[in-house]
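Coordinate analysis (summary)
The chain contents come next:
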2 protein chains.
Amino acid sequence: MSQSFEEKTIKTTPIFSGRIIDLQVDEVELPNGKTSTRELVKHPGAVAVIPVTEDGKLVLVRQFRKALEKEILEIPAGKLEKGEDPLVCAERELEEETGYAAKQLTFLRSFYTSPGFADEIIYLYLAEQLIEGVAHTDEDEFVEVVEVTLDEALQYMENERIHDAKTVFAVQYLQLRKLLTHD
Amino acid sequence: MSQSFEEKTIKTTPIFSGRIIDLQVDEVELPNGKTSTRELVKHPGAVAVIPVTEDGKLVLVRQFRKALEKEILEIPAGKLEKGEDPLVCAERELEEETGYAAKQLTFLRSFYTSPGFADEIIYLYLAEQLIEGVAHTDEDEFVEVVEVTLDEALQYMENERIHDAKTVFAVQYLQLRKLLTHD
């Protein structure tokens with residue numbers, strides 16, 4: 001059996017409790033018996049949806065990200081409510097941000113975004129057989145829907161209008177599965 | 001020209017300044033003139049390296065992540081020192097964590113990991129023509145090198161031993177480019 005690298009918690013110091021994230025500093029015992037500190041962001045988790053239209057376009061939303069001080073194009077996503085089923089959250093966020101409802105919503109996988117300092121996990125879904133509707137975002141959320149071909153998505157990755165992990169993953173996924181029209 | 005969704009900063013409140021991350025809360029003016037708050041984690045940025053051996057295996061490191069309270073398999077990665085060239089950081093982290101030096105180190109792309117609340121950016125490199133050496137990690141860092149085929153990597157994704165954004169992206173990238181041996 002391989003050696004465990006577990007870090008045991010000696011002490012947890014809460015630093016901040018916010019609307020979206022909490023921050024704590026843990027003092028930990030390392031595998032060699034020494035101690036260190038870990039700065040840990042607690043996040044409720046999120047879903048992200050890869051919506052593909054009947055004519056093979058990827059549905060993105062343009063939005064301003066204060067953390068980056070720029071606008072980027074992302075797949076629709078949103079935070080989980082406490083205890084919420086990720087599938088229900090995926091349906092809601094897709095409809096709120098894009099207006100689309102999906103006849104077929106398939107769980108693809110989950111991943112942690114920043115395991116070095118945060119517990120944020122994203123549950124990723126593929127949305128197909130889309131039915132058009134009307135977007136209705138939260139009152140402090142401003143987004144614009146943009147539908148792109150594979151070539152447009154790859155171009156947006158080159159010029160960093162697409163510039164976040166989940167959306168870069170999504171474009172690559174669709175490229176691998178050949179689910180998008182080329183141009 | 002499309003409407004800007006920029007959120008102007010009204011006030012920044014510093015909350016925490018740590019070894020790795022800082023936290024601040026910004027009061028912002030939204031595009032509709034209303035105000036809201038944004039909880040923002042500041043991070044120095046990081047590099048991640050996708051090392052592929054001459055016999056077509058992906059080099060991963062097993063490590064414990066306190067934020068997740070579990071061990072996962074990740075591509076080698078590390079934080080940027082202040083002002084450091086990402087390429088220099090990539091060479092250093094690859095050698096420290098795996099012992100390998102790469103004759104060929106190619107920048108692939110960068111992406112933000114959690115644009116909703118953090119400015120962490122990862123610069124991703126492909127490392128080829130690897131030369132074996134001896135790993136020598138930081139004193140509070142415990143890792144074990146694991147080399148996997150494509151089939152093993154896909155299996156590890158299924159059972160969530162591979163479970164973070166950059167590594168999931170890396171496996172998919174190698175699958176798309178057909179750079180790994182199958183089994």
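Keep in mind that this is a model prediction, so the values were computed, not measured.

1. What to know about the packing of helix 2 (residues 150-158) of chain B against helix 3 (residues 165-177) of chain B
All names here are of chain B.
- For the pair helix 2 and helix 3, interaxial distance at closest approach is 11 Å and the crossing angle is 145°. In this structure, helix 2 crosses over helix 3, and the sense of that crossing is left-handed. Here Leu150, Ala153, Leu154 and Met157 of helix 2 come into contact with helix 3, specifically with Val168, Val171 and Gln175.
- Class assignment of the residues belonging to the contact of helix 2 with helix 3 gives a composition of six nonpolar, one polar and no charged.

2. Some thoughts on the sheet that holds strand 1 (residues 8-17) of chain A
Residues and elements named next belong to chain A.
- Sheet architecture is open: three strands sit in the order 1-2-3, paired in antiparallel fashion. A single partner strand is all that each edge strand has here, and the edge strands are strand 1 and strand 3 (35-42). On average, each strand axis in the sheet is inclined to that of its neighbour by 20°, with strand direction left out of account.
- The pairing of strand 1 with strand 2 (residues 22-29) spans eight bridges and is antiparallel. Among the inter-strand pairings, lysine 11 is bridged to a residue of strand 2, identified as glutamate 27.

3. Comments concerning the relation of the copies chain B and chain A
- The operation relating chain B to chain A is a screw motion whose rotation component is 180°, with 0.0 Å of axial translation and a residual RMSD of 0.0 Å. Taken together, the rotation and translation describe the operation of a two-fold axis.
- Mapped onto chain A, 99% of the interface residues of chain B again fall at the interface, so both copies present the same surface.

4. Things to note about the sheet that holds strand 3 (residues 35-42) of chain B
Residues and elements named next belong to chain B.
- Ordered by their spatial adjacency, three strands build an open sheet running 1-2-3, and the pairing between neighbours is antiparallel. Two strands bound the open sheet, and with one partner strand each, they are strand 1 (8-17) and strand 3. The sheet shows a mean angle of 20° between the axes of neighbouring strands, direction not considered.
- Taken together, the eight bridges between strand 2 (residues 22-29) and strand 3 define a ladder with antiparallel strand orientation. What sits directly across from glutamine 24, in strand 3, is leucine 40.

5. Description of helix 2 (residues 150-158) of chain A
- Listed in full, the buried residues belonging to helix 2 of chain A are Leu150, Ala153 and Met157 of chain A. Along the axis of helix 2 of chain A, the buried residues cluster in a sector spanning 60°; they form a single face.
- If you follow the buried residues of helix 2 of chain A, they end up packed against strand 10 (143-148) and helix 3 (165-177) of chain A together with strand 8 (101-112) of chain B.
- Directly after helix 2 of chain A, the chain includes glutamate 160 of chain A, whose backbone phi takes a positive value near 65°.

6. Focus: the packing of aromatic side chains
- Summed over all chains, the structure comprises six aromatic pairs over all chains.
- Ring geometry for phenylalanine 107 of chain B against tyrosine 125 of chain B: centres 5.5 Å apart, planes inclined by 65°, an arrangement best described as edge-to-face. On the criterion of sequence distance, the pair formed by phenylalanine 107 of chain B in strand 8 and tyrosine 125 of chain B in strand 9 (residues 121-131) is long-range, its members being 18 residues apart.
- Relative to tyrosine 173 of chain B, the ring of phenylalanine 169 of chain B has its centre 6.5 Å away and its plane inclined at 25°; by these criteria the two rings are stacked. Separated by four residues within a single helix, phenylalanine 169 of chain B and tyrosine 173 of chain B lie in helix 3, roughly one turn from each other.
- The exposure class assigned to phenylalanine 169 of chain B is buried, which follows from its relative accessible area of 2%.
- The class for tyrosine 173 of chain B is buried, based on a relative accessible area of 12%.
- Put simply, the rings of Phe111, Phe169 and Tyr173 of chain A touch in pairs and so form one group of aromatic residues.

7. Details of the nonpolar core
- Of all hydrophobic cores here, the largest spans 56 residues; its most connected members are Ile50, Leu58 and Leu124 of chain A together with Ile50, Leu58 and Leu124 of chain B.
- In this view, leucine 58 of chain A contacts Ile50, Pro51, Ile75, Val146, Glu147, Val148, Val171, Leu174 and Leu180 of chain A; residues no more than four positions away in its chain are not counted.

8. Quick notes on the interface of chain B and chain A
- Facing the 73 residues of chain B at the interface are 72 residues of chain A.
- Surface buried jointly by chain B and chain A totals about 6200 Å² across both partners, of which 61% is contributed by carbon and sulfur atoms.
- Taken together, the connections running from chain B to chain A amount to 31 residue pairs in polar contact (both at pLDDT 80 or more).
- Among the elements that take part in the side of chain B that touches chain A, helix 3 of chain B stands out by supplying eight residues, more than any other.
- Residue composition of the side of chain B that touches chain A, by class: 30 nonpolar, 17 polar and 26 charged.

9. A word on the domain arrangement of chain A
Residues and elements named next belong to chain A.
- Considered domain by domain, chain A is made up of domain 1 (8-42) and domain 2 (46-181).
- For domain 1 versus domain 2, the separation of C-alpha centres amounts to 31 Å.
- Contacts between domain 1 and domain 2 engage six residues on the former and five residues on the latter.
- Between domain 1 and domain 2 lies a buried interface of about 420 Å² when both sides are counted; carbon and sulfur atoms form 50% of it.
- By the criterion of area lost to domain 2, the three top residues of domain 1 are Ile20, Val41 and Lys42, representing 70% of everything that side buries.
- Between domain 1 and domain 2 we count two residue pairs in polar contact (both at pLDDT 80 or more) in total.
- Taken together, the residues that form the side of domain 1 that touches domain 2 break down as three nonpolar, no polar and three charged.

What counts and how
The numbers attached to residues start from 1 for each chain and follow its sequence in the written order. Numbering of ligands from 1 and lettering of chains from A proceed in the order in which they are written. Local features in this predicted model are restricted to residues of pLDDT 70 or higher, and side-chain atom pairs are both shown and tallied only at a pLDDT of 80 or more, whereas totals for entire chains, interfaces and linings draw on every residue. With hydrogens and water stripped out, all remaining heavy atoms of the structure feed into the side-chain values. Between N-to-C directions, angles cover 0 to 180 degrees, with each direction set by a line fitted to C-alpha atoms, over the stretch in contact for helices. Helix and strand assignments come from DSSP, with helices taken as H or I runs of at least 4 residues and strands as E runs of at least 2, each series counted from the N terminus. Helix crossings fall into two classes, left-handed where the near helix is turned counterclockwise from the far one by less than a right angle and right-handed where it is turned clockwise. Here, residues are in contact when the closest pair of their heavy atoms is within 4.5 Å. Each residue gets one label: Ala, Val, Leu, Ile, Met, Phe, Trp, Tyr, Cys and Pro are nonpolar, Asp, Glu, Lys and Arg are charged, and the others, such as Gly, are polar. In this analysis, strands are considered paired if DSSP registers two or more bridges between them. Least-squares superposition aligns the copies on the C-alpha atoms of those residues with pLDDT at or above 70 in both. Partly exposed residues are those whose accessible area sits between 20% and 50% of the maximum for their type, while under 20% is buried and over 50% is exposed, using a 1.4 Å probe and protein chains only. Working note: the arc is built from the helix axis to C-beta atom directions. Any Phe, Tyr or Trp ring, taking Trp's six-membered ring, that has another such ring centre within 6.5 Å forms a pair; planes under 30 degrees apart are called stacked, those over 60 apart edge-to-face, and the others tilted. Here, the term nonpolar core denotes a set of buried Ala, Val, Leu, Ile, Met, Phe, Trp, Tyr and Cys residues that are joined through side-chain atoms within 4.5 Å. Once two parts are put together, the accessible area they lose, assessed with a 1.4 Å probe and summed over both, is termed the buried area. Distance and chemistry together define a polar contact, namely a pair of N or O atoms within 3.5 Å, with one atom able to donate a hydrogen and the other to accept it when in protein, and with adjacent residues in sequence counting only for side-chain atoms on both sides. The split of the chain into domains comes from an automatic or database domain assignment.

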